[in-house]
Amino acid sequence: MATQESGQQQPGTSRGRRAVLGAALLGAGTAAVGLPAVARADERHGPGHGHGHGYEGLPKPTVVAHRGASGYRPEHTLGSYQLALDMGAHVIEQDIVPTKDGHLVCRHETDITGTTDVAARPEFASRKTTKSVDGAQLTGWFTEDFTLAELKTLRAKERIPGTRRNNTLYDGRWDIPTLEEVFEWAEKEGRRRGRPVWLHIEAKHPTYFRALGLGLEERLAKLLRRYGRHKKNSPNFLQSFEPSSIQRLAKLVSAPRVVLLSGANSRPWDFVEAGDPRTVADLIKPEGLEWMARFAQGIGPTLDLIIPKKADGSLGTPTTLVEDAHAADLILHPYTMRNENTFLPANFRKGTDPAAYGDVFGALKAYFETGIDGIFSDNPDTALLAAADFAKD
């Protein structure tokens, strides 16, 4: 995925927007405790982990643990979230989808074929089906066809075992957490650590689920209010690839909101359904950014919208998106950095093994130099170290 090449320039590093952060000095897959993040306030952002300051108090660059520490544990499990928190991640991401009986659970997709043991469970063999989700034909098992009690009998497993073979050690250890369980976990950990635990909550396929009578936004807002996470300075971001979902949430709660952006030529699914001809390329123009700033505080673009790749897969010239978004008073949390060669730009890969780690520190530095406010990473310990290195430069 790449953005348009016209009008690209090398933006300044915007050093005044960054704050020094501390990093947990960890090896892959290990958990450390008692390694607090240290932040130095700049002229715009307050100190610390957002306590009393809202998102502007988070360290810059903010490290968002993508689906938890998913580089080391099966994604969207309490084990993955706990490891990310122990590593020192500033924010931990959850994706939410509904069950048949209306509970919100944490899965990246409604299709749970690749992230649970459902395919090996004969009692659920008849639930396998083919559906169209946001225009894509998918065959498998889907959360909306299971009650919460049924889902809780399943066990989570590694999504990409061919790339992350070591993570399969933890297959079957954890179940599928509900969002309410995550809130309870975050409150417990927050009390223990003496600071809020920040979350980044994505409503998945909201138009699709609303058509099934399983609207996400109202259910999410109800839970946010129950746990006091609905306010302007609450320690969580709400995100979606569908702008109308963020607009709906803006009417329900005051918590900070982020519009996620895919490839430049793509269209949000709610735009497709509504006949809105705008593409992501339109949304990242100044007028599109100003429109989103009316109901959101930030954007979460794919990294290729920040620095497009050349034909050979190496990084090209940064676009003006960071500068333009900041001009619209929007923060940027692009996605997703992973340590393995297969996910890195070609000029930062090492060797020929796609599952081996490449020069992720070099790649992170290149993205940080654009002035982004944070980044999603499957390997939060690596991203924290890179951010700490960058703050020293």
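See the structure above.
Bear in mind the structure is a predicted one, so any value in this text is a computation, not a measurement.

Engineer: Just to check I follow, could you spell out the overall build of the protein chain for this structure?
Structural biologist: The secondary structure content of the protein chain amounts to 13 helices and eleven strands. Of the roughly 15,300 Å² that the protein chain leaves accessible, carbon and sulfur atoms contribute 50%.

Engineer: I tried to follow the environment of Arg-192 on my own but got confused; where do I start?
Structural biologist: Take Arg-192: it is sitting in helix 3 (residues 179-193). Owing to a relative accessible area of 54%, Arg-192 belongs among the exposed residues under this scheme. Ignoring any residue separated from it by four or fewer positions in sequence, one finds Arg-192 in contact with Gln-82 and Asp-86.

Engineer: Even after reading the chapter, I still don't get the environment of Arg-349, so can you show me in this structure?
Structural biologist: With respect to the helices, strands and loops of the structure, Arg-349 is situated in the loop between strand 10 (331-332) and helix 12 (360-368). Note: C-alpha distance between Arg-349 and Val-360 (eleven residues apart in sequence) is 8.1 Å. Residues in contact with Arg-349, not counting those within four places in the same chain, are Asn-341, Thr-342 and Leu-344. One polar contact links the side chain of Arg-349 to the main-chain carbonyl oxygen of Asn-341, over a distance of 3.1 Å.

Engineer: Please explain the packing of helix 5 (residues 216-226) against helix 6 (residues 243-252) as it appears in this structure.
Structural biologist: Geometry of a packed helix pair, given as the angle between the helix axes and the separation of the axes. Relative to each other, helix 5 and helix 6 sit at 40°, their axes nearing to 10 Å. As helix 5 runs across helix 6, the sense of the crossing is right-handed. Judged by residue contacts, Glu-217, Glu-218, Leu-220, Ala-221 and Arg-225 of helix 5 engage Ser-245, Arg-248, Leu-249 and Leu-252 from helix 6. Per-class residue counts for the contact of helix 5 with helix 6 are four nonpolar, one polar and four charged.

Engineer: Honestly, unusual backbone geometry in this entry has me stumped. Any pointers?
Structural biologist: Negative phi values dominate among residues other than glycine, just as trans dominates among peptide bonds. The amide bond that connects Lys-60 to the next residue, Pro-61, takes the cis arrangement and shows omega of -5°. Looking along the chain, the bond that leaves Tyr-335 and enters Thr-336 is cis, with omega of -15°. Inspection of the secondary structure assignment puts Thr-336 in the loop between strand 10 and helix 12. Backbone geometry places His-76, a non-glycine residue, at a positive phi of 50°. The buried category is assigned to His-76, whose relative accessible area is 0%. Look at His-205: it is not a glycine, yet its phi comes out positive at around 45°. Within the element layout of this structure, His-205 appears in the loop between strand 6 (198-203) and helix 4 (206-211).

Engineer: Where do I start with the environment of Phe-183 in this structure?
Structural biologist: Among the structural elements, Phe-183 can be located in helix 3. Given a relative accessible area of 0%, Phe-183 falls into the buried group. Between the C-alpha atoms of Phe-183 and Val-197, which are 14 residues apart in sequence, the distance is 9.3 Å. Ignoring anything within four residues of it in the chain, the contact list for Phe-183 reads Leu-199, Ile-201, Leu-223, Leu-224, Tyr-227 and Arg-229.

Rules used in this analysis
Residues numbered from 1 in each chain as written. Predicted model: local features only at pLDDT ≥ 70, side-chain atom pairs only at ≥ 80, totals over all residues. Heavy atoms only, no water. Helix = DSSP H or I, 4+ residues; strand = E, 2+ residues; numbered from the N terminus. Areas by Shrake-Rupley, 256 points an atom, 1.4 Å probe, with all protein chains shown as cover. Buried < 20%, exposed > 50% of the residue type's maximum accessible area, 1.4 Å probe, protein only. Contact = heavy atoms within 4.5 Å. Polar contact = N/O pair within 3.5 Å; in protein donor to acceptor, adjacent residues only side chain to side chain. Axes fitted to C-alpha atoms, helices over the stretch in contact; angles between N-to-C directions. Left-handed = near helix turned anticlockwise from the far one by under 90°. Nonpolar A, V, L, I, M, F, W, Y, C, P; charged D, E, K, R; others polar.

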